[in-house]
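Architecture at a glance
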Protein chains: 2
Amino acid sequence: MSLADLVATYLAWLEAELRVLLTPQPALIQPAVGGHYAIMQYHMGWLSTDLEPVQAPSGKRVRPLLCLLACAAVGGDPATAVPAAAGLELLHNFSLIHDDIEDASLTRRHRPTAWALFGMPRACNAGDGMFSLAHAAFQRLPAQGVRPDIALNALRLFDETCVRLTEGQYLDMSFEGRLDVSVEDYFGMIAGKTGALLAASPEIGAVIGGAAPEVSDAYRRFGAALGRAFQLRDDILGIWGDEAVTGKSAASDILSKKKSLPVLYGLACQAVGAELRRLYAGPEFAAADVARVLALLDAAGAHTYAQEQVHHATIEARQALDRLAPESTAAPHAALAELLDVLAERNE
Amino acid sequence: MSLADLVATYLAWLEAELRVLLTPQPALIQPAVGGHYAIMQYHMGWLSTDLEPVQAPSGKRVRPLLCLLACAAVGGDPATAVPAAAGLELLHNFSLIHDDIEDASLTRRHRPTAWALFGMPRACNAGDGMFSLAHAAFQRLPAQGVRPDIALNALRLFDETCVRLTEGQYLDMSFEGRLDVSVEDYFGMIAGKTGALLAASPEIGAVIGGAAPEVSDAYRRFGAALGRAFQLRDDILGIWGDEAVTGKSAASDILSKKKSLPVLYGLACQAVGAELRRLYAGPEFAAADVARVLALLDAAGAHTYAQEQVHHATIEARQALDRLAPESTAAPHAALAELLDVLAERNE
């Protein structure tokens, strides 16, 4: 089966599981809590701003696909890993709900963010609800035939990921207003903020598929390198992406003064660093400032540098995957390689 | 051993476990994340507003005590349940950090709330960190000799509790601005917001202690009734508590127009309900309004009614406990009964 076929099958399973998880249970508590779940369902793209059923953009489902493909690649039955895949997707979406609150972002996937629509208090609490349900998802593994000790081990990896995620978010916030963030600091931050979950996704799939520790570790390294490629590509698109394709305004990460890798590279550059630091230390950017920053980043070779980093991370991920080939089932293994290329080369 | 002796022993274990959990691990990610943990440690009362070591008020530790006493009462070794007890205390404190954000509360335990001191974005993220660490705590159970299937079962009860907690918080927020909240709505709300965790605490302790399902269920019912008594007593103290003892300003729940049980009883009262509803629908209360509300609640007999409800819940909890007596170890069983009385009669 091709990536497209596997993806279609897996996404159908995943969607059904997510719908079960984000539906209120026959109430242990009496009054109606539908409004709490409606906030989560809105964020997932299932409800309109009027809370009518709708199919709005809902993200790429990269994390659950990595989990299910890795489970299949190590010879496991991917159907047994669907609850964990759903938990990974819910964790990702919980983090988006709270990031949008913490960053005061008004738009997500072309729609108002949850807090912008429902207010900060209810959206914060709905994020906590989704975080709880992400964990509850893993409790559905034993009913799929997963042994309790394996389910507990998957949850351990998941909880360690949650801790790393909040550490990464802390670092990202602590970089604001600082002009001395190093490239090493940056890689440490993204290892938590985006890398931890993308590393854990195939690792957890491999664990549920019954892989030995050294094999699931190798899937973790694959996911970590894929995560770097993914985030670095995101950084490039945030500056040089095509507005019509990304759906974000052009150079949006410059306008928001985000400390992404190309900017850090420019700030540390002998030739243009001093002028860039002056600009970044100053007031909010006007259009002319954005144009000047773009010119300085070009002069520093920041685009080329960042694209090289994407290339390095992609090769590292590919090598980790190739070393796993002898033990892998062919179709899902090939699909993982294809997914890596798609993510590293994407324009949206 | 008396309650005091058991409490002293258990609290020493608990404190050591909490300190381990809230210390950054040898960094998987390179940059320093100490500031993330400092927010959590400040909230726990371990750091001053200047982030110097201090011993500030840190709460009554009711939930971990219920867990450890129940574990001992069913004949288990309470030392094995310490990680779960720490997880329950961290979950409680996570919910306080986020509640303070959602309610815009400036003071907690006589000090600035975490968000008031560190800003909303960092405090929200620190709450998420504590929520993650609360789960990670349960992963320390197997090292204490707890079987993986029992640890997974304890986590299942814990995660169901997390979901109920967010539902209860949603209901509490949805009651704001409503004048038609019924007493039934109220009991449904507190069953989630405070009851779920207080019910799960002794249940999880019993499960880890090796209790049969019907026994751990009975501990759950004990905890649920104790939770009602606890919350109802809180409602009484929020209106009629002694400022010098509670540390809160007198009649603070009237001033904030909180829909606690005595107020709902007054709003539904034939004799005074109409005037109370007019007052609650109007602008913020001045001192004269507070005095008038207190007089109307007295006329309605709201204090007596609420105290009767505390009494009913206490008797229900006591009966649940008495039915467990034949199988219980004497000292921890007696300590649970004593803890119930202390909580139901407390003035702070």
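Scroll up a little and you will see the structure.
On a predicted model such as this, the values are computed, not experimentally measured, just so you know.

Looking at the interface of chain A and chain B
The interface of chain A with chain B comprises 51 residues on the first partner and 51 residues on the second. Taken together, the two surfaces of chain A and chain B that pack against each other cover about 4500 Å², and 69% of this comes from carbon and sulfur. Connecting chain A to chain B are zero salt bridges. At the junction of chain A and chain B, the tally comes to 14 residue pairs in polar contact (both at pLDDT 80 or more). Residue assignment for the side of chain A that touches chain B shows that the elements contributing at least two residues are helix 2 (34-43), helix 4 (82-102), helix 6 (120-138), helix 7 (148-175) and helix 8 (183-208) of chain A. With 18 residues, helix 7 of chain A is the single largest residue contributor to the side of chain A that touches chain B. Across the side of chain A that touches chain B, the residue classes tally to 26 nonpolar, 16 polar and nine charged.

Looking at the packing of aromatic side chains
Aromatic ring pairs are reported here in terms of the distance separating the ring centres and the angle at which the planes meet. Under the definition given, this model contains 15 aromatic pairs over all chains. Judged by centre distance (5.6 Å) and plane angle (75°), the rings of Tyr42 of chain A and Phe118 of chain A are edge-to-face. Of the two residues, Tyr42 of chain A sits in helix 2 while Phe118 of chain A sits in helix 5 (residues 114-118), which places them 76 residues apart along the sequence. The class of Tyr42 of chain A is buried, set by a relative accessible area of 1%. Through pairs of rings, three or more aromatic residues link up here, namely Phe94 and Phe131 of chain A together with Phe94 and Phe131 of chain B. In this arrangement the basic side chain of Lys257 of chain A is found over the ring face of Phe285 of chain A, its NZ or CZ atom lying 4.7 Å from the centre.

Observations concerning the packing of helix 1 (residues 3-21) of chain B against helix 4 (residues 82-102) of chain B
All names here are of chain B. As a packed pair, helix 1 and helix 4 sit with axes 9 Å apart at the nearest point and diverge in direction by 70°. As far as their axial angle goes, helix 4 and helix 1 are roughly perpendicular. The handedness of the crossing between helix 1 and helix 4 is right-handed. Taken together, the residues of helix 4 that come into contact with helix 1 (itself represented by Trp13, Leu14, Glu17, Leu18 and Leu21) are Val82, Pro83, Ala85, Ala86, Glu89 and Leu90. Across the contact of helix 1 with helix 4, the residue classes break down as nine nonpolar, no polar and two charged.

Brief notes about the relation of the copies chain A and chain B
Taken together, a rotation about one axis and a shift along it account for how the two chain copies relate. Overlaying chain A on chain B yields an RMSD of 0.0 Å, the required transformation being a rotation through 180° with an accompanying axial translation of 0.0 Å. The transformation just described matches what one would write down for a two-fold rotation axis. Proximity to the rotation axis, assessed at the C-alpha, singles out Leu152 of chain A in chain A; its C-alpha lies 2.9 Å from the axis. A shared binding surface is used by both copies, with 100% of the interface residues of chain A retained as interface residues in chain B.

Cut-offs used in this document
- Residues numbered from 1 in each chain as written.
- Chains lettered and ligands numbered in written order.
- Predicted model: local features only at pLDDT ≥ 70, side-chain atom pairs only at ≥ 80, totals over all residues.
- Heavy atoms only, no water.
- Contact = heavy atoms within 4.5 Å.
- Buried area = accessible area lost by both parts, 1.4 Å probe.
- Salt bridge = Lys/Arg side-chain N within 4 Å of Asp/Glu carboxyl O.
- Polar contact = N/O pair within 3.5 Å; in protein donor to acceptor, adjacent residues only side chain to side chain.
- Helix = DSSP H or I, 4+ residues; strand = E, 2+ residues; numbered from the N terminus.
- Nonpolar A, V, L, I, M, F, W, Y, C, P; charged D, E, K, R; others polar.
- Phe/Tyr/Trp six-rings, centres within 6.5 Å; stacked < 30°, edge-to-face > 60°.
- Buried < 20%, exposed > 50% of the residue type's maximum accessible area, 1.4 Å probe, protein only.
- Lys NZ or Arg CZ within 6 Å of the ring centre and 35° of its normal.
- Axes fitted to C-alpha atoms, helices over the stretch in contact; angles between N-to-C directions.
- Parallel < 35°, antiparallel > 145°, perpendicular 65-115°, else oblique.
- Left-handed = near helix turned anticlockwise from the far one by under 90°.
- Least-squares fit on C-alpha atoms with pLDDT ≥ 70 in both.

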